[in-house]
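Okay, here's what each chain looks like letter by letter:
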Amino acid sequence: KNEVEQSPQNLTAQEGEFITINCSYSVGISALHWLQQHPGGGIVSLFMLSSGKKKHGRLIATINIQEKHSSLHITASHPRDSAVYICAASALGKSSGDKLTFGTGTRLAVRP
Amino acid sequence: ETGVTQTPRHLVMGMTNKKSLKCEQHLGHNAMYWYKQSAKKPLELMFVYNFKEQTENNSVPSRFSPECPNSSHLFLHLHTLQPEDSALYLCASSQEGSVVGRYSSYEQYFGPGTRLTVT
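In this report, we go over the structure that sits alongside the text. It should be emphasised that the depicted structure is a prediction, and the values quoted were computed from it without experimental measurement.

A word on the state of the cysteines. Residues and elements named next belong to chain B. Taken as a whole and judged by the stated rule, the model has two disulfides over all chains. Across the disulfide, Cys23 is cross-linked to Cys91 (sulfur-sulfur distance 1.9 Å). The chirality of the disulfide connecting Cys23 with Cys91 is left-handed, given an S-S dihedral of about -70°. On the criterion of sequence distance, the pair formed by Cys23 in strand β3 (residues 18–25) and Cys91 in strand β9 (residues 87–94) is long-range, its members being 68 residues apart. Like Cys23, the residue Cys91 is buried in the burial classification. Here Cys68 stays unpaired: no disulfide links it, and the sulfur of Cys91, its closest cysteine neighbor, is 9.1 Å away. Judged by relative accessible area, Cys68 falls into the buried class, the value being 12%.

Right under this line is the structure:
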């Protein structure tokens, strides 16, 4: 069992829909990262959070440390949001240098 | 050039070849990472360098040999690879603190990756 689990694995939505992607982790973390990977491979960091909630444009990320759960929400989805969304947990108490454990990703397709 | 660059973007090599992947970051960061992304598997951390010192080797086979001559450049030397090593290899960088045992994480900036095919 992977230490970081995401659901769903695949998601198809109609343009304008509200989207939620979930991430559960089983390790103690110092932070939870949400990443976006477009076709071709490039990865962009969307959020890094260790508590509460962060918002950037139409994207919202929340985390519940007690429940070891994080969600990524996309409001008013658009076809350009189509990508793979990956959550990654940064382990606690490590030596210098960040060691991330990744989920398998959620492939999102937004139809016009 | 800005951000994190990787060369080559695509590489096809035979199992007896020796090749190198190059990563360069123009962000002034002091930590650099190599990741492997195989089809239908999560991203896997391979190596971490912090202030040019290797701080993590995630049980990577010796046919992969990293080199970090300075904080801006990271190489991955490849030799006698296997077909199962075919994957997307991603480099990333971040600005890390230098305190051992710190309890914080830093945003990572990724390069576009090198798509490697081993024949």
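Our focus in this paragraph is the pairing of strand β6 (residues 53–57) of chain B. Residues and elements named next belong to chain B. Taken together, the four bridges between strand β5 (residues 44–50) and β6 define a ladder with antiparallel strand orientation. When the sheet's bridge partners are listed, Phe47 is paired in β6 with Asn57. Hairpin connection of β5 to β6: two residues between the antiparallel strands, including Phe51 at a positive phi of 50°.

To continue, consider the sheet that holds strand β8 (residues 73–79) of chain B. To summarise the sheet geometry, strands pair through backbone hydrogen bonds and adopt either a parallel or an antiparallel arrangement. All names here are of chain B. Read across the open sheet, the four strands follow the order β1-β3-β8-β7; overall the sheet is antiparallel. A single partner strand is all that each edge strand has here, and the edge strands are β1 (4–7) and β7 (64–70). The mean angle between the axes of side-by-side strands here comes to 20°, regardless of whether they run parallel or antiparallel. Where β7 meets β8, five bridges bridge the pair, whose relative direction is antiparallel. Across the sheet, the residue bridging to Pro66 is Leu76, located in β8.

On to the side chain of Gln6 of chain A. All names here are of chain A. Structurally, the position occupied by Gln6 is in strand β1 (residues 4–7). Of note is the side chain of Gln6, whose polar atom sits 3.0 Å from the backbone nitrogen of Cys87. Reaching out from Gln6, the side chain makes a polar contact with the side chain of Thr106 at a distance of 3.2 Å. When sequence neighbours within four positions are dropped, the list of residues in contact with Gln6 reads Ile21, Asn22, Cys23, Trp34, Tyr85, Ile86, Cys87, Gly103, Thr104, Gly105 and Thr106.

The next subject is the sheet that holds strand β3 (residues 19–25) of chain A. Residue and element names in this part refer to chain A. Overall, antiparallel pairing links the five strands, which are arranged β1-β3-β8-β7-β6 in an open sheet. Bordering the open sheet on either side are β1 and β6 (52–56), each of which pairs with just one other strand. Sheet twist, expressed as the mean angle between neighbouring strand axes with direction ignored, is 15°. The sheet contact formed by β6 and strand β7 (residues 59–64) spans five bridges and is antiparallel. Paired with Gly52 across the strands is Ile63, a residue of β7.

Thresholds, definitions, all that
- Residues numbered from 1 in each chain as written.
- Chains lettered and ligands numbered in written order.
- Predicted model: local features only at pLDDT ≥ 70, side-chain atom pairs only at ≥ 80, totals over all residues.
- Heavy atoms only, no water.
- Disulfide = S-S within 2.5 Å.
- Helix = DSSP H or I, 4+ residues; strand = E, 2+ residues; numbered from the N terminus.
- Buried < 20%, exposed > 50% of the residue type's maximum accessible area, 1.4 Å probe, protein only.
- Pairing = 2+ DSSP bridges.
- Axes fitted to C-alpha atoms, helices over the stretch in contact; angles between N-to-C directions.
- Polar contact = N/O pair within 3.5 Å; in protein donor to acceptor, adjacent residues only side chain to side chain.
- Contact = heavy atoms within 4.5 Å.

Functional significance is not addressed by these values, which are geometric in nature.
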